[in-house]
Every structure is written in C-alpha cells, then in structure tokens.
Amino acid sequence: MADQALIKDLEAKAVQLRCNVLEMIGIGKAGHWGGSASLAEAMAVLYFHVMNVDAKAPKAPDRDRLLLSKGHGALIQYAALCELGYFPREEMQRVKSLNGLLQGHPDLSIPGVEAVTGSLGQGLSIGVGMALALRLDKKASRVYVVMGDGEQSEGQLWEAAMAASNFKLDNLTAFLDWNKIQATGRTEDVFKIPDLDKKWASFGWEVFSVDGHDVEKLLAAVDKAKAVKGRPTLVILDTVKGKGVSFAENTPAYHNGTFDEARFTLAMAELEARKAALAAQKEMV
Amino acid sequence: MEKKSLRTAYGEALVEMGKTNPDIVVLEADLGKSTMSCLFKDAYPERYFEMGIAEQSMASTAAGLALSGKVPFYSTFAVFAFGRAYDQIRCGIAIPNANVKICGSSCGFSDFGDGKTHQSIEDANVMRMIPHMIVLNPCDAVETRKMMRAMAAYDGPVYIRINRNDLPVYTAEEGDYEIGRMSRIVAGADLVIFATGSMVWKSVEAAELLKAEGISAEVVNVSTLKPLAKEEILKYVAGKKAIVTAEEATKLGGLGSAIAELLIGEIALPFERVGVDDAFGTSAHSYAELLETYGLTERHIAAAAKKALKR
C-alpha cells in the first residue's frame, strides 16, 4: 500500500502542473493543451518522486534524465521544471516569445531540458545514447523517454526499440502517452497502429499498461519497470487527451487549441475546484 | 607518388585517440569494414556500438552519447551519413551543438561501382548549410589523421568527408591540423587554384601541365569547407590574375560557390569552377573513368585555368 499522503501530494502536483500549462497558453493564443494535460500525473510522479534531479545542479552527472520525445508536450515539462525551481515563474509568461527562455519545443538552452526534441521520433534514440553513456560510466541513473501515440508511426522509434533491446538497456524506461488523439483527429481514424503493447513486446521490451491518471498505479508501474533486468521497459499510459478541463477532454481541437477568455476562466475554475477537492481529501488522510 | 588510404587513416586515428581518451566512442551502421571503424571495434569493443542498418537511430544515439559527455564518432557511406539522417543531424546534433563527429565515407564518386544511389556529390554542400556544423574534407591520409585529432579536440559537431580510394600524400607529417586553416601545396604567380579533397591531387597535376605551357599556378588545399575565412582566401588571391576552384562535388553550394560568395564586393577576377554539374553519378569500372566523365581531371582543371586567364 503506497503512502496515501504522497499520492494526494502528487495528485495535487499534477493539477498544479495543469494550471501552469493553462497559464502559459493564456487567452487567445494556441498551445498544446491536450497532450500536455494527458501527461500531468506521469510528470508529477516522475519529477516529484521518482527521479533524482536537482534544480540547483541541473547537470549533475548522477541525475536521472527525462526526454520528451513528443516535444510538442513541452508545456507540461516546463510546468514541472518551473515548479522545481529550474527557472523563475516569470519565464512562463514569456513562453514562445522573442527573447523568452521557453521555446516552442524543448531546447537545450532551457535548464532541466536534456535534448532538442520536437521533430518526432528522435527522442528515444537520444535516450538510448544517454543510457549507453550512463552504463559506460557505471552510473545507476536512469533515462525516461516520453513518446506520443501519434508519434508511433515514426519509423525511427522502431529503430531505437531494436537498438535498446540489442544493448539490453535496463536503465531505460519509455512511456507511451496513449491519449488516442493526434493533430488531425483520432489515431484510430488518422493512422491505425493496432496492438502497440504486442509490438513493443515483440521488439524485446518489457511492457506494462497502466491508467495514466492513477498516481498510485503509476508509482507501482515505475517500481516494476526499475526492477526489470536485461531489457528496456515501456509503460503504456492509458490517458485522456486534455484531461482536467471537461470541455477540452477527448477533443482534437485542443491538440493545439486556443482558449477564449470565457473558456480560459472556466478551465481555470475547474482546475482550482479540483485542487480544493484534493486539499480537502488530503486533510482526511 | 605514394598513395595511402584515408579510411585506414580514419580507423587508425580512432584507435590511437581511443587509447588516451576513454570518452571516445564509435557507432557504425553495418559498414565498419568499409569505413574502417572496424579497427576501433577490435581495439575497444565495449566502446563500439553496432547500430544495425539504421542511420537515423545512429545519429540520434550519437547525440545522446555526446550530451552525456562522450565524444562519439559515427561513420557510414557519406550519402547515408548525412542524407538518411539529415533531420536527426539538424535537430538532435546541430541545434544543441552536440559534440558529435560524423564521418561520411566513400564520398563523391569514390565508390565507383555502386553507382548513383551510393555516390555522394552533395554531402559536404548540404552540411555546410546547417548552422554550427564544421565541414572537413581531407586531401590525403596524413591530413586525415591530423584532422581527426583536431576534430576530437574541438567541442561541437563536425562532418568529415572521406574518399574510398587511396590518394597521393601531399601534406606534411609535422605539425597539427588547425580547423579553418588553408595550406599552400604548390606556389605559383599567375593564378590560384583552390582545391579540396581528391581535387588537390588533380590540381597539383594540373599545375604541372600548366607549367609546361609557361603558366605558374598556385594550388591551395582548402580542407576546411566550413568555416571558410575570407582573409585566408584574400591572402592567396592577392596578386593573382585568376581564380579556379576544384571539388569532387556538385557545383551548387560547394567550395566554388562559397568562395565566390565571400569575394562578392571584395575583388573582381576571372573565376572558373571545376565540379559536378547538376547531375547524379553512375556506375563505372574505375574511379578514373568517373573523374573523366564528370570533368574532374587535371586536364579539366588546366583548361579552366587557361580559360580564366584568357578573359
């Protein structure tokens, strides 16, 4: 039985990350709400519990690495990095602006970001290189790579899948954000990729599937992944695109959508209500 | 003149550097016996990564290794090293200035038999266009070995273009290679021939042909294609009556274009380019046949020189 206080903390953190994302998107500007919000719990679990990272030593050799292969989900990573103190909150206001720190996609100039991603399909291979380097250096650190489900049609991911199992990289865990919607519609309609779990397993990976919004199950899945020896691990996150804002959930328009003032207010109110509910629940624990 | 293998020099340099620098790692895509990275595999198997025939994965994996403090060299045929992995180089390596060394082997027409799919006339030209990328094109085995040390010492992405065939040695064993520095191979007074890679050899022979006709041609080895310093070029152009460039690559965006761009507004001299017109290669039984067919011999260079001088 996991620590209930920890779970409540991480759930609250996930909501805070969604608030940060919404704040960065703001009113009347396009932003990747859907694929950021679907990752909030996974990011909360990784950045605020699992990973050994320190904002004061962003290049510490022993740190764990997180790569967002689905680079368009950058806002959720920025949201977490900001909460951890990698850069001041004011930077969130300047996201994607000229001379701002936070680029439209992850860039190495941003503290806490480990690689340049955004051109899809490349992050896992970069993670393979990092995992190989850590093994050569006899470090216990781990590499976490977050992929999208639409991204699964990128051939390079499967090259990386083969490389990781050839090299028996048990210090590498990938996450697949299975939110079932990509830029132009439902993955089922745009480009079918059936049996992702079986595909990855047949490439030599240990595969776990988990409710991507259930913090307790996520914690358990990561523990299981860390215990696997001799092969890389994949955690398929069964998620809801746009999770946390009712009208934006499961809606392709919010892959990279815009909130008008009324919708922004409504979205923020929903997130604040969730935050209050979680705080009340934590009191009970 | 004695000919030596540039790709053997590449492999031997990797082994030599690997001895003292434990951070050097090598990646290959099933062509290690051609690129000669196999020598490193024999010496340091734990630092050699066979990526399978997967150049995109190889380029990005090299990026990951570099971002973790390693000094990765990856090699395969030039056409695949740059072309199959262009976006991986651009995003994963060049944008973050990752310390990855890319070896495009069997460049130009040097893989004569395999034909147009395997011959690379545009690799260095395309790599020049990517910000942060250093582009090197050695003219012989000695220069290759020295360049490898300079590449390892430089912190950032470098592309090196390696000829498959043994080439005569024109550069000196002594001294270190300095990225961006040109070198005079033949001194001359009437015109200057800026040559790169295999065309240094052909330009030296052209200078001999011209000498027999009373024309004094200087041959300058431009083995760093990027960065290209205007001051260096102006130094060699000074006092000459014409300029010729020679490269085993498409004329579009290559050495000739680059020098012409730098000289715009600086100097007006008759200028001729020897290179490949906008065309793919083809299979042949020998390298020499292709150099002849595509206008890349000493005769073509000498003719270009005379044409320029007549203007």
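Everything numeric here is computed off the predicted structure, so don't read it as measured data.

Residues and elements named next belong to chain A. Tracing the backbone through its elements, the reader meets Glu41 in helix α3 (residues 40-50). Take Glu41: its relative accessible area is 8%, and that puts it in the buried class. Those residues in contact with Glu41 that lie beyond four places of it in its chain are Ala14, Arg18, Gly212, His213, Val215 and Leu218.

Okay, the pattern of salt bridges next. Residues and elements named next belong to chain B. This model, assessed by the stated rule, comprises 35 salt bridges over all chains. Two residues, Arg184 and Glu218, come together in a salt bridge whose shortest N-O distance is 3.2 Å. With Arg184 in strand β9 (residues 183-186) and Glu218 in strand β11 (residues 217-221), the pair connects residues that are 34 residues apart, well separated along the chain. In this structure Arg184 comes out as partly exposed when scored by relative accessible area, which is 47%. By relative accessible area, which is 2% here, Glu218 ends up buried. By sharing partners, the salt bridges in this structure join Glu178, Arg181, Glu232 and Lys235 into a single network.

What follows covers the pairing of strand β2 (residues 65-68) of chain A. Residue and element names in this part refer to chain A. Residue alternation in β2 divides its side chains into two sets, Arg65 and Leu67 and Leu66 and Leu68, and both sets are buried. By the bridge criterion, four bridges tie β2 to strand β3 (residues 143-148) in an arrangement that is parallel. Residue pairing across strands places Arg65 opposite Val143, the latter belonging to β3.

Residues and elements named next belong to chain A. The N-to-C vectors of helix α1 (residues 4-25) and helix α11 (residues 261-284) enclose an angle of 165 degrees; their axes lie 10 Å apart at closest approach. With respect to their mutual orientation, α1 and α11 come out roughly antiparallel. Like other packed secondary-structure pairs, α1 and α11 cross with a definite hand, here left-handed. Residue-level contacts link Ala5, Lys8, Asp9, Glu11, Ala12, Val15, Gln16, Arg18, Cys19, Leu22 and Glu23 of α1 to Phe264, Ala267, Met268, Leu271, Glu272, Arg274, Lys275, Leu278, Gln281 and Lys282 of α11. Its residues assigned to classes, the contact of α1 with α11 shows ten nonpolar, two polar and nine charged.

Quick look at the sheet that holds strand β6 (residues 134-136) of chain B now. Residues and elements named next belong to chain B. A sheet is described by the order of its strands in space; here seven strands give the open sequence β3-β2-β4-β5-β7-β6-β12, paired in mixed fashion. Of all the strands in the sheet, just β3 (48-50) and β12 (224-226) have a single pairing partner and so form its edges. Sheet twist, expressed as the average angle between the axes of neighbouring strands with direction ignored, equals 20 degrees. Bridge count between β6 and strand β7 (residues 158-161): three bridges; the pairing is parallel. Paired with Ile134 across the strands is Val158, a residue of β7.

With that settled, the discussion passes to the packing of helix α1 (residues 6-20) of chain B against helix α8 (residues 141-153) of chain B. Relative placement of two packed helices is described by the angle separating their axes and the distance separating the axes. Residue and element names in this part refer to chain B. For the pair α1 and α8, the least separation of the axes is 8 Å and the interaxial angle reads 40 degrees. Of the two elements, α1 crosses α8, and the hand of that crossing is right-handed. When α1 is examined against α8, the residues Leu6, Ala9, Tyr10, Ala13, Leu14, Glu16 and Met17 are found in contact with a partner set consisting of Ala141, Thr144, Arg145, Met148, Arg149 and Ala152. When the residues that make up the contact of α1 with α8 are grouped by side-chain class, the tally is nine nonpolar, one polar and three charged.

Right, let's get into the sheet that holds β11 of chain B. Residue and element names in this part refer to chain B. As summarised here, the arrangement of the five strands in space is β9-β11-β10-β13-β14, forming an open sheet in which the pairing is mixed. The open sheet terminates on both sides in strands that have one partner only, identified here as β9 and β14 (271-276). Sheet twist, expressed as the average angle between the axes of neighbouring strands with direction ignored, equals 25 degrees. Helix α13 (residues 298-310) contacts β10 (191-195), β13 (242-250) and β14 of the sheet and is inclined by roughly 145 degrees relative to β13.

Let's shift gears to the pairing of strand β7 (residues 206-211) of chain A. Residues and elements named next belong to chain A. The pairing of β7 with strand β8 (residues 233-238) spans six bridges and is parallel. Following the sheet pairing, Val207 is matched in β8 by Leu234. Once you follow β7 into helix α10 (residues 215-227) and on to β8, the crossover reads as right-handed.

This part is about the packing of aromatic side chains. Summed over the entire model, instances satisfying the criterion amount to twelve aromatic pairs over all chains. Measuring from ring centre to ring centre gives 6.0 Å for Trp33 of chain A and Phe259 of chain A, while their planes differ by 90 degrees; the resulting arrangement is edge-to-face. Here Trp33 of chain A, found in the loop between β1 (30-31) and α2 (34-37), pairs with Phe259 of chain A, found in the loop between β9 (257-258) and α11; they are 226 residues apart in sequence, far enough to count as distant. The burial state of Trp33 of chain A is the same as that of Phe259 of chain A; both residues are buried. Plain terms: the ring middles of Phe77 of chain B and Phe80 of chain B are 6.3 Å apart, the flat faces sit at 5 degrees to each other, and that makes the pair stacked. Within the aromatic cluster, the residues linked to one another by ring pairs are Trp33, Phe247, Tyr254 and Phe259 of chain A. Taking the ring centre of Phe247 of chain A as reference, the NZ or CZ of Arg263 of chain A above it sits at 5.8 Å. Its end group placed over the ring of Tyr44 of chain B, Arg47 of chain B keeps NZ or CZ at 4.4 Å from the ring centre.

Once that is clear, we can look at the side chain of Ser68 of chain B. Here Ser68 of chain B shows up in the loop between α4 (55-66) and β4 (71-77). Polar side-chain contacts of Ser68 of chain B include one of 2.9 Å to the backbone oxygen of Gly64 of chain B. When residues no more than four places from it in sequence are discounted, the contact partners of Ser68 of chain B are Met130, Ala133 and Asp137 of chain A.

This brings us to the interface of chain A and chain B. Taken together, the contact pairs 21 residues of chain A with 24 residues of chain B. Where chain A abuts chain B, roughly 1,800 Å² becomes buried across the two surfaces, and 65% of that area is made up of carbon and sulfur atoms. For the interface between chain A and chain B, the tally reads one salt bridge. The closest approach of N and O atoms between Asp137 of chain A and Lys70 of chain B, which form a salt bridge, is 2.5 Å. Summed over the shared surface of chain A and chain B, the result is eight residue pairs in polar contact (both at pLDDT 80 or more). Among the elements of the structure, α6 (123-136) and α7 (155-166) of chain A are those that each provide at least two residues to the side of chain A that touches chain B. No other element matches α6 of chain A, which puts eight residues into the side of chain A that touches chain B. Looking at the side of chain A that touches chain B, its residues break down into twelve nonpolar, five polar and four charged.

We now examine the domain arrangement of chain B. Residues and elements named next belong to chain B. Looking at the assigned domains, one finds that chain B contains domain 1 (3-168) and domain 2 (183-310). Placing a centre on the C-alpha atoms of domain 1 and another on those of domain 2 gives a separation of 25 Å. Taken together, the 34 residues of domain 1 in the interface contact 32 residues of domain 2. When the two sides are added together, the surface that domain 1 and domain 2 hide from each other amounts to roughly 2,500 Å², 58% of it contributed by carbon and sulfur. Among the residues domain 1 hides against domain 2, the three largest losses belong to Phe109, Ile121 and Arg128. Together they make up 29% of the total. A salt bridge links Arg128 to Glu261, with the nearest nitrogen and oxygen atoms 3.9 Å apart. Between the two partners, domain 1 and domain 2, sit 19 residue pairs in polar contact (both at pLDDT 80 or more). Of all elements in the fold, only α7 (123-128), β6, α8 and β8 (167-168) reach the threshold of two or more residues within the side of domain 1 that touches domain 2. Looking at the side of domain 1 that touches domain 2, its residues break down into 17 nonpolar, ten polar and seven charged.

Conventions and cut-offs
Residues numbered from 1 in each chain as written. Chains lettered and ligands numbered in written order. Predicted model: local features only at pLDDT ≥ 70, side-chain atom pairs only at ≥ 80, totals over all residues. Heavy atoms only, no water. Helix = DSSP H or I, 4+ residues; strand = E, 2+ residues; numbered from the N terminus. Buried < 20%, exposed > 50% of the residue type's maximum accessible area, 1.4 Å probe, protein only. Contact = heavy atoms within 4.5 Å. Salt bridge = Lys/Arg side-chain N within 4 Å of Asp/Glu carboxyl O. Pairing = 2+ DSSP bridges. Axes fitted to C-alpha atoms, helices over the stretch in contact; angles between N-to-C directions. Parallel < 35°, antiparallel > 145°, perpendicular 65-115°, else oblique. Left-handed = near helix turned anticlockwise from the far one by under 90°. Nonpolar A, V, L, I, M, F, W, Y, C, P; charged D, E, K, R; others polar. Right-handed = clockwise from strand over helix to strand, strands pointing away. Phe/Tyr/Trp six-rings, centres within 6.5 Å; stacked < 30°, edge-to-face > 60°. Lys NZ or Arg CZ within 6 Å of the ring centre and 35° of its normal. Polar contact = N/O pair within 3.5 Å; in protein donor to acceptor, adjacent residues only side chain to side chain. Buried area = accessible area lost by both parts, 1.4 Å probe. Domains from an automatic or database assignment.

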